[in-house]
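Spelled out, the chains give:
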Amino acid sequence: MQQIINFIIRNKNFLLFLLLFGLSLLFTIQTHSYHKSKFINSANFLTGGVYNSLNNINSYFDLKSQNELLSEENTRLRVLLRNSEIHADSVFTDSVMFKQLYRFYTANIIKNSYSLSNNILTINKGRNDSVQQDFGVISSKGIIGIVDKTSANYATVISILNTTSRISAQLKKSNHFGTLTWDGKSPEYNQLIDIPKIAPVSKGDTIVTSGRSSIFPKGVPVGIVEDFKLDLAENYYEINVKLFNDMTSVEHVYIIENADKEEIENLLSNN
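Reading the values: rules and limits
Residues numbered from 1 in each chain as written. Predicted model: local features only at pLDDT ≥ 70, side-chain atom pairs only at ≥ 80, totals over all residues. Heavy atoms only, no water. Helix = DSSP H or I, 4+ residues; strand = E, 2+ residues; numbered from the N terminus. Buried < 20%, exposed > 50% of the residue type's maximum accessible area, 1.4 Å probe, protein only. Contact = heavy atoms within 4.5 Å. Pairing = 2+ DSSP bridges. Axes fitted to C-alpha atoms, helices over the stretch in contact; angles between N-to-C directions. Core = buried A, V, L, I, M, F, W, Y, C linked by side-chain atoms within 4.5 Å. Salt bridge = Lys/Arg side-chain N within 4 Å of Asp/Glu carboxyl O. Patch = residues over 30% accessible without salt bridge, like charges linked within 9 Å, V, L, I, M, F, W, Y side chains within 5 Å. Areas by Shrake-Rupley, 256 points an atom, 1.4 Å probe, with all protein chains shown as cover. Phe/Tyr/Trp six-rings, centres within 6.5 Å; stacked < 30°, edge-to-face > 60°. Polar contact = N/O pair within 3.5 Å; in protein donor to acceptor, adjacent residues only side chain to side chain. pLDDT = per-residue confidence, 0-100.

Asker: Which residues make up the overall build of the chain, and what values do they have?
Answerer: Across its full length, the chain holds 5 helices and 12 strands. Per-residue burial for the chain yields a buried fraction of 31% across its 271 residues. Restricting the contact set of the chain to residue pairs at least 6 apart, pairs at least 24 apart contribute 57%.

Asker: Provide a residue-level description of the sheet that holds strand 3 (residues 136-138), including the pertinent values.
Answerer: By way of backbone hydrogen bonds, the strands of a sheet pair with one another, either parallel or antiparallel. The antiparallel closed barrel is built from 6 strands, whose spatial order is 1-2-5-4-3-12. Across the sheet, the mean angle separating the axes of adjacent strands is 45° when strand polarity is ignored. Two strands pair when backbone bridges link them, and strand 3 and strand 4 (residues 143-150) are joined in this way by 3 bridges, in the antiparallel orientation. When the bridges of strand 4 are listed, G136 appears paired with I146.

Asker: Which residues make up the sheet that holds strand 7 (residues 177-181), and what values go with them?
Answerer: Taken together, 6 strands build a closed barrel; the order of strands is 6-7-8-11-10-9 and the barrel is antiparallel. Pairwise comparison of adjacent strand axes, ignoring direction, gives a mean angle of 40° for this sheet. Bridge analysis of strand 10 (residues 221-230) against strand 11 (residues 236-243) gives 7 bridges, and the strand direction is antiparallel. Residue pairing for strand 11: G223 is matched across the bridge by L243.

Asker: Help me get a handle on the nonpolar core, residues and values and all.
Answerer: I123, L192, I195, V201, I207, F216 and I239 are the most contacted members of the largest nonpolar core, which totals 44 residues. In this view, V201 contacts L171, I195, V225, F228, Y237 and I239; residues no more than four positions away in its chain are not counted.

Asker: Could you give an account of the pattern of salt bridges, with specific residues and numbers?
Answerer: Under the defined criterion, the tally for this structure stands at 3 salt bridges. Put simply, R103 and E257 hold a salt bridge, and the shortest N to O gap is 3.1 Å. Taken together, the positions of R103 in strand 1 (residues 102-112) and E257 in strand 12 (residues 252-258) put the pair 154 residues apart, joining distant regions of the chain. Residues E188 and K242 are paired through a salt bridge, measuring 2.9 Å at the closest nitrogen-oxygen approach. Placement of E188 in the loop between strand 7 and strand 8 (189-196) and of K242 in strand 11 is noted, with a sequence separation of 54 residues between them. Given a relative accessible area of 29%, K242 falls into the partly exposed group.

Asker: A description of a nonpolar patch on the surface should follow, citing residues and the corresponding values.
Answerer: Judged by side-chain polarity, F14, F17 and L18 come together as a nonpolar surface patch covering roughly 320 Å² of accessible area. Summarising the element assignment, F14 is placed in helix 2 (residues 12-31).

Asker: So what about the pairing of strand 12? Which residues, and what values?
Answerer: Burial analysis of strand 12 places 6 of its 7 residues in the buried class, which makes it a mostly covered element. Summarising the sheet, strand 3 and strand 12 pair through 3 bridges and their orientation is antiparallel. Directly across from I138, in strand 12, lies its bridge partner Y254.

Asker: Could you give an account of the packing of aromatic side chains, naming the residues involved and the relevant values?
Answerer: Scanning the model with the defined rule gives 1 aromatic pair in all. Between F228 and Y237, the ring centres sit 5.5 Å apart and the planes meet at 90°, which makes this aromatic pair edge-to-face. Assessed through its relative accessible area of 15%, Y237 is described here as buried.

Asker: Lay out the environment of Q133 in plain terms, naming residues and giving numbers.
Answerer: By secondary structure assignment, the location of Q133 is in the loop between strand 2 (118-123) and strand 3. Taking the relative accessible area as the measure of exposure, Q133 reaches 46% and is therefore partly exposed. Between the alpha carbons of Q133 and D148 there is a distance of 5.2 Å; along the sequence they are 15 residues apart. Here Q133 is in contact with V147, D148, T150 and K261, once residues within four sequence places are set aside. Within polar-contact distance, the side chain of Q133 engages the backbone oxygen of D148 at 3.0 Å.

Asker: Could you give me a rundown of the side chain of N190, with the residues and numbers involved?
Answerer: On the secondary structure map, N190 appears in strand 8. Relative accessible area serves as the criterion here: at 1%, N190 is assigned to the buried category. Within the structure, N190 has its side chain in polar contact with the backbone oxygen of I160 (distance 3.4 Å). Apart from the residues within four sequence positions on either side, N190 is in contact with I160, L161, L180, T181, W182, I239, N240, V241 and L243.

Asker: Mind laying out the side chain of Q170, listing which residues take part and the relevant values?
Answerer: With respect to the helices, strands and loops of the structure, Q170 is situated in strand 6 (residues 167-171). Look past the residues within four positions of Q170 in its chain and what remains in contact with it is N175, H176, F177, T206, I207, V208, T209, S210, R212 and K218.

Asker: Describe the confidence of the model for the chain, with residues and values.
Answerer: When pLDDT is averaged across the chain, the result is 79; 68% of the residues are at 70 or more. Averaged pLDDT values over the elements of the chain bottom out at 50 in helix 3 (residues 33-61) and peak at 97 in strand 7. The model gives residues 43-52 a pLDDT under 50, and that stretch makes 0 contacts with residues more than four places away or in other chains. For residues 86-99, every residue scores under 50 in pLDDT, and the model assigns this stretch 11 contacts once sequence neighbours within four places are set aside.

And the structure:
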């Protein structure tokens, strides 16, 4: 306390000057509309800048939670979109009996390989999150792979950059379908084989999943036709497909569950 008193005594002239200067500014601002408006505008500018900076800082540290919210919202929209497309041809749909054929779960890729011949991804969702073997995995841009093995909290995914991968895909414009494979070369391309030569194929055509399996719904984006040629027997096209996804940098994904998968597979196994 004594130090504060000593400080005031030592600097009484300067402190008195500050007090008088402040009072003069106050009286000037209060009695002159021009000065008052300038002061208010300056104060708003300063406080606005401070609040904007604080908001930017808070937004930066809140990015993770916001990304999670956006991912959940995208999941809900995908469920509505996919199931509405499936029922689009129905003359009448009972909203009470409406069935969600496909369910979507969000996940993050925590390990990604793309330079091997048989690449595997690891995601941070597993059996505790209802994820099972043979569930499809996609991103906002298109197809990623198929769930292979699961633990309680994690799962491995057979990437489309895997030479053992076989996924039914088709030309979007004509519905001619074949098998999507990978030749083990570039992570930018997949190969679509077994497309009959009567199919109209052009560079730039869009390739999507065919829906002819219990894993992926019809219409999930794959890529575009880069080039194509006939096989040795000249009966089928071999199409080089430039992928929509950059498989070297994917992070956020969606897991697809077909609610009728077990029923479909049981029916097929009995044939």
